[in-house]
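Listed below, chain by chain, are the residues.
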Amino acid sequence: MNRRTGRGNRLGLALVGLVLTILGVLALIRAASAPTGTPVVYGGATGPFFAAASPWIWWAVAVLSIVVALLGLRWLVVQGRGQAPRALRLESGPGGVTDVSAGGVAHAVAADLTSSPAVLRADADLAGTGRRPEVRLRLVTDEQAPMRALTDHLAGVTLPRMRSALETDRVPTVARVTLEPPQTPYRMVR
Amino acid sequence: MIAPVNRAADRAAVRAFRPQRTIPAVVVAVLLTLLGLAVVVETISALAGHPLRWIPYDRMLAWATTTPWRSPAFLSIAALVTLVGLALLALAVVPGRPRMVPARTGDADLIIGMRPRSFTRALAHAAEEVSGVHSATARIHGRAVAVTATTSGWDEQHFEAAVRDAVLTRMAALSPVEPYQVKVKLKEHR
């Protein structure tokens, strides 16, 4: 998942919500001010208006609907944004391209993290693009270890290595941590 | 043991785990796409001289020409549209409960979240380490953690202070971005 997707979803919902609210309120106001018994559409002006505006108004409606459908499709497509790519392109130029396998980097990150005593198990995924790579971590850490031990290891060891491996200055990282009690060799019986 | 306070980093961590509103976004996006496509198909086919009539628009027009503005049917449709619009606006604006307990890292590019179940379990385990406490459970209620400890003694004041201390110490080590108030409840073990 991607933070930009969340923001986009909220923006889209707000826009659609605003349009529906305005339409609904306008309809209610119009209904309140209409003389009793007037139908919603009546002979008066509606028919001649569309007759005079034909056919260009229908082309306008068609174009507008195409735009709405495309926006809807795009909105759907970006929900998949942020899923792990198979390889990240670090460089491309006349001399060739440099790709790095996402699985390989993720594997190295996970292995590096498990060297910290606070981390019991680690799993990593790369996301984003070659220029803006992102790291997703799923960690199981010792609940008795201070969080500081984990942040220090990440900020001091893992992320600098990631940055040099991916040849970038920033590697935004999101870690989801499950805390577990440390494995004890005995069980206390009460 | 507490990471340096960096407000931008704290805000980023809280924001990262806010609900992304994926399900309402997908529903609205699908409906928008279908609506756009249906209107495009209808208008273009009618302009080409072969109206498809997937949408029964003749019947809709007939309904609109016979239904008065103030009919219950029209008013309830308008009210429904308004309510749906307001609901979408609310989904967009209300931040929602984070799915993770964000931890303080001091770095906006390093975001760590603890699973709420893990967090409360770690706090309960800390309470259980107090001698005389048989078992403990912890729950998050808004901005407070309610700890219920089963003790084998009568010195309520002592247990309450000891349990609170143990829980607060563990919580400080886990360094959540927003501190939780600790409420201790004691039960006597029989």
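Structure first, text after, so check above.
Not measured: the values here are computed from a predicted model. (Residues numbered from 1 in each chain as written. Chains lettered and ligands numbered in written order. Predicted model: local features only at pLDDT ≥ 70, side-chain atom pairs only at ≥ 80, totals over all residues.)

(A) Representation of helix α1 (residues 7-16) of chain B. Buried within α1(B) we find Ala9(B), Ala12(B), Ala13(B) and Ala16(B). All buried residues of α1(B) project into a common sector of 100 degrees when viewed along the axis, lining one side. (Buried ≥ 20, exposed ≤ 12 C-beta atoms within 10 Å, placed from the backbone. Helix = DSSP H or I, 4+ residues; strand = E, 2+ residues; numbered from the N terminus. Arc of directions from axis to C-beta.)

(B) The arrangement of the sheet that holds strand β2 (residues 110-114) of chain B in detail. Strands sit in the order β3(A)-β4(A)-β5(A)-β2(B)-β1(B) across an open sheet of five strands; the sheet is mixed. Each having just a single partner strand, β3 (119-128) of chain A together with β1 (101-103) of chain B make up the two edges of the open sheet. With strand direction ignored, the average angle separating the axes of adjacent strands in the sheet is 25 degrees. With five bridges connecting them, strand β5 (residues 173-180) of chain A and β2(B) associate as parallel partners. Considered in β2(B), the bridge of Val177(A) is made with Met114(B). On the sheet, helix α5 (residues 147-166) of chain A packs against β3, β4 (133-142) and β5 of chain A together with β1 and β2 of chain B and is oriented at approximately 135 degrees with respect to β2(B). (Pairing = 2+ DSSP bridges. Axes fitted to C-alpha atoms, helices over the stretch in contact; angles between N-to-C directions. Contact = placed C-beta atoms within 7 Å.)

(C) The arrangement of the pairing of β4(A) in detail. Residues and elements named next belong to chain A. Pairing of β3 with β4 involves nine bridges; the strand directions are antiparallel. The residue of β4 that forms the bridge with Val 119 is Thr 141. In terms of strand pairing, β4 meets β5 through eight bridges, oriented parallel. Along β5, the bridge assignment pairs Thr 141 with Leu 179. In this region the chain leaves β4, passes through α5 and returns to the parallel neighbour β5; the handedness of that crossover is right-handed. (Right-handed = clockwise from strand over helix to strand, strands pointing away.)

(D) Representation of the interface of chain A and chain B within the structure. Taken residue by residue, the interface counts 62 residues in chain A and 66 residues in chain B. Of all elements in the fold, only α1 (3-33), α3 (56-77), α5 and β5 of chain A reach the threshold of two or more residues within the side of chain A that touches chain B. Each residue belonging to the side of chain A that touches chain B can be placed in one class, and the counts come to 38 nonpolar, 16 polar and eight charged. (Nonpolar A, V, L, I, M, F, W, Y, C, P; charged D, E, K, R; others polar.)

(E) Just the environment of Glu128(B), in detail. Residues and elements named next belong to chain B. Mapped onto the elements, Glu 128 comes out in helix α5 (residues 116-128). The class of Glu 128 is partly exposed, set by 17 C-beta atoms lying within 10 Å. In sequence terms Glu 128 and Thr 151 are 23 residues apart; their C-alpha atoms lie 9.3 Å from each other. Look past the residues within four positions of Glu 128 in its chain and what remains in contact with it is Val 133, Ser 135 and Ala 136.

(F) Focus on the sheet that holds strand β3 (residues 133-141) of chain B. Residues and elements named next belong to chain B. The sheet built from three strands is open, its strands ordered β3-β4-β5 with mixed pairing. Every other strand in the sheet has two partners, leaving β3 and β5 (181-188) as the edge strands with one partner each. Taken over all neighbouring pairs, the strand axes of this sheet differ in orientation by 20 degrees on average, direction set aside. Sheet analysis places strand β4 (residues 144-151) next to β5, joined by eight bridges and oriented parallel. Considered in β5, the bridge of Val 145 is made with Val 182. Strands β3 and β4 of the sheet are contacted by α5, whose axis makes an angle of about 150 degrees with β3. Sheet contacts for helix α6 (residues 156-174): β3, β4 and β5; angle to β5, the most-contacted strand, approximately 135 degrees.

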